[in-house]
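Spelled out, the chains give:
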Amino acid sequence: MRLHHLAVLAAVTFTTACSATDPVAQTPRENPDEKVWVDLFNGRDLNDWTVKINGYPAGENAFNTFRVQDGIMQARYDEYSEFGNHFGHIFYNGGPYSHYILQVEYRFVGEQVKGGPAWAWRNNGIMYHAQSPLEMGVNQDFPSCIEYQLLGGDGEKPRTTANLCTPGTHVVIDGELRTDHCIVSTSKTYHGDQWVTVELHVEGNKLAQHIIDGEVVMEYSGMQLDDGTPRDSGYIAFQAETHPTDIRSVRMLNLEGCMDEKASNYKSYLVKHDPKACRY
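First, a word on scope: everything that follows refers to the structure included in this document. (Residues numbered from 1 in each chain as written. Predicted model: local features only at pLDDT ≥ 70, side-chain atom pairs only at ≥ 80, totals over all residues. Heavy atoms only, no water.)

### Overview of the nonpolar core
Right, so step 1: Judged by nonpolar contacts, the single largest core of 51 residues is most densely connected at Trp-49, Tyr-100, Leu-102, Tyr-128, Val-198 and Tyr-220.
Right, so step 2: Ranked by residues supplied to this core, first place goes to strand β6 (residues 99–108) with 5 residues.
Right, so step 3: Non-local contacts of Tyr-220, meaning those with residues more than four positions away in its chain, are made with Tyr-128, Ile-146, Leu-164, Val-171, Val-172, Ile-173, Leu-207, Ala-208 and His-210.
Right, so step 4: If you look at the next biggest cluster of nonpolar residues, it comprises 7 residues, including Phe-91, Cys-145, Tyr-235 and Ala-237. (Core = buried A, V, L, I, M, F, W, Y, C linked by side-chain atoms within 4.5 Å. Buried < 20%, exposed > 50% of the residue type's maximum accessible area, 1.4 Å probe, protein only. Helix = DSSP H or I, 4+ residues; strand = E, 2+ residues; numbered from the N terminus. Contact = heavy atoms within 4.5 Å.)

### Looking at empty space enclosed by the protein
Right, so step 1: The tally for this structure, following the rule as stated, stands at 2 cavities of 30 Å³ or more.
Right, so step 2: Roughly 40 Å³ of internal volume is contained in the largest cavity.
Right, so step 3: Around the largest cavity, the lining residues are Tyr-106, Arg-107, Phe-108, Leu-151, Gly-152, Tyr-190, Gly-192, Asp-193, Gln-194 and Val-196.
Right, so step 4: With 3 residues, the top contributor of residues to the lining of the largest cavity is β6. (1 Å grid on protein atoms, 1.4 Å probe; cavity = no way out; pocket = protein on both sides within 12 Å on 5 of 7 lines; lining within 4 Å. Points joined across faces, edges and corners; volume = space filled by probe spheres on them.)

### A look at the state of the cysteines
Right, so step 1: All chains considered together, the criterion is met by 2 disulfides.
Right, so step 2: Shown here is the disulfide that connects Cys-165 with Cys-182, its sulfur atoms set 2.1 Å apart. Across the S-S bond linking Cys-165 and Cys-182, the dihedral sits near 110 degrees, which makes this disulfide right-handed. Pair noted here: Cys-165 is in strand β9 (residues 163–165) and Cys-182 is in strand β12 (residues 182–183), with a separation of 17 residues, a long-range link.
Right, so step 3: Owing to a relative accessible area of 2%, Cys-165 belongs among the buried residues under this scheme.
Right, so step 4: For Cys-182, a relative accessible area of 39% corresponds to the partly exposed category.
Right, so step 5: Sulfur-sulfur distance for the disulfide between Cys-258 and Cys-278 comes to 2.1 Å. (Disulfide = S-S within 2.5 Å.)

Function cannot be inferred from these measures alone, as they are strictly geometric.
What follows is the structure, given as C-alpha cells:
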C-alpha cells in the first residue's frame, strides 16, 4: 500500500474564455484576503485515511475501530472483547504538512473499553508532525509526533483540554527545552458529551499554538525528535485511545503558498513562500 499524497491544499483555479480582442486567456486574480479552507474529512468514508492499530500492519482496520456513521468519523470499541493494548491511529493520506491551521470538532461519548488504562478515559489526540503510518512498526503503539491532547471532564473536577504530549519528541517553552511527556494548557474543562472546537496553528518548528474559544491556551516552538533532530513537518492523525470519540469536522488552512503580490493567486495570510505555487 502506498500513502497517496493528495493535492488538497491547492487554491481554487478559475478559467475564462478567450475573446476576439484578447486571444490569450488570462488567469483571473483571486481575492488575496479570501482564506481557502479545505475539508480533510469528507463526511462519507475513510478513503482519504489510513488506519494503524498496534499489533496490525498499516491499512488494517482491526476490530472495525474507525468507521463513518451519520457523517461522523467514529472511534469505537463494540467489536473488542477487551482492549489488549491495541492503541490505534488514523492518518490523513495527504502530507507531509508544515505550515497550516487545523480546525477540529470532536466529542467523547459512551463508555471506555474494558481494559483501557485510567489515564486514557475520555482521552484522544491530534497527532501532527507525525511519522507516516507506513514507517511505524507492527507492534508500535504511538507514532513519533507532537500530540495536541484532547481530554473530557468527569462532570465535577477540572481537567484541561488542548494539552501537549510528546511521544518521541521534545519542544521548547519560554526558552527551555521540555522533556516532560505531557504539559497542561490553560483551557477550561469541557464536561459531558458536548461538541468542542479546537484549532492548531503551526509554522514548521518555529511556532505552535493550541487555540480554543479564540484563546491561545498553549504555545511552544523548537519541535524536535528525542535526539534533537528538528521536526518541522509530518503527517496528521487522530487516536483511538480506549474511549469512544466522534469527529465531525476536520478543516485545514494552508499557510504555505504564493506570497508574490504580482501573482494571480497571491494570498495575504500566508507565512511561508512557495515560488512554485505562483501563477501569473
